[in-house]
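One-letter residues, chain by chain:
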Amino acid sequence: MGIPGGGKSTWIRSNLPSDAFVCSADHFFVNDHGIYIWKKELLHKAHRVCFDKYLAALDMSDVSCVVVDNTNTKRADMRQYVVEANNRGYDVNIVAITVDPEVAAQRNVHGVPNETIKKMYSQIQNTIKLCWQQHLRGNDYGLTDPGPLNWYMWAITQICWSTWSQIQYLGWLRLYL
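Residues numbered from 1 in each chain as written. Predicted model: local features only at pLDDT ≥ 70, side-chain atom pairs only at ≥ 80, totals over all residues. Heavy atoms only, no water.

Peer 1: Before we move on, can you summarise the pattern of salt bridges with the specific residues and values?
Peer 2: Applying the stated rule across the entire model yields five salt bridges. A salt bridge links Arg88 to Asp59, with the nearest nitrogen and oxygen atoms 2.7 Å apart. Here Asp59 lies in the loop between α3 (43-58) and β2 (66-68) and Arg88 lies in the loop between α4 (75-87) and α5 (101-107), a separation of 29 residues in the sequence. Its relative accessible area of 52% is what places Asp59 among the exposed residues. One salt bridge connects Glu115 with Lys118, and the closest N-O pair in it is separated by 3.7 Å. Highlighted residues: Glu115 and Lys118, both in helix α6 (residues 114-137), separated by three residues, approximately one helical turn. A residue is classified by how much of its surface remains accessible, and Lys118, at 34% relative accessible area, is partly exposed. (Salt bridge = Lys/Arg side-chain N within 4 Å of Asp/Glu carboxyl O. Helix = DSSP H or I, 4+ residues; strand = E, 2+ residues; numbered from the N terminus. Buried < 20%, exposed > 50% of the residue type's maximum accessible area, 1.4 Å probe, protein only.)

Peer 1: Before we move on, can you summarise the layout of surface pockets with the specific residues and values?
Peer 2: Estimates place the volume of the largest pocket at around 1200 Å³. If you go around the largest pocket, you meet 43 residues; those closest to its centre are Pro4, Lys8, Asp26, Thr71 and His110. Elements with a minimum of two residues in the lining of the largest pocket: α1 (8-15), α2 (25-28), α3, α4 and α6. Residues belonging to the lining of the largest pocket are distributed by class as follows: 17 nonpolar, 19 polar and seven charged. Looking at the second largest pocket, its volume works out to about 630 Å³. Along the walls of the second largest pocket sit 27 residues, with Val66, Val67, Val68, Asn93 and Ile94 positioned nearest its centre. When contributions to the lining of the second largest pocket are tallied by element, the ones reaching two or more residues are α1, α3, β2 and α4. Ranked by residue count, the leading element in the lining of the second largest pocket is α4, at four residues. For the lining of the second largest pocket, the residue count by class is 20 nonpolar, four polar and three charged. (1 Å grid on protein atoms, 1.4 Å probe; cavity = no way out; pocket = protein on both sides within 12 Å on 5 of 7 lines; lining within 4 Å. Points joined across faces, edges and corners; volume = space filled by probe spheres on them. Nonpolar A, V, L, I, M, F, W, Y, C, P; charged D, E, K, R; others polar.)

Printed below as a string of structure tokens:
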């Protein structure tokens, strides 16, 4: 999870196995020549295609790691991915990559407006705060259908991409969607 220009894709390339299966709505907008062409009216379809690829990857026997490289600024954005992984017996790990919105706006290659990036940054900070609060209270946040969606957030990792090196490990954490 992270804002556009925050370094999610870079983190994935640097920290996950090279054979990791990466699903991203952004992939939908890359044409046959490798050029990214974003169209707002196709965003819903891009996320549907990403989710379908994710489901297929979960069912592949030769895939050791499935990654969703999307912003996932709210718990609701992650819910369907977590539910499907849990239903298939997978452990779910979330890495939250945070960066100053001004720095991300400068690095952003997708043309996302600065105000949108700031809003998304605020949503991510609220999501992290809610997850910590619910974890500390041991509360399932009232989402018990189809059963408590308790899963572990492995290293909500705060990564300061302005220095490209500073990592703060926050440990195991129960996250409630």
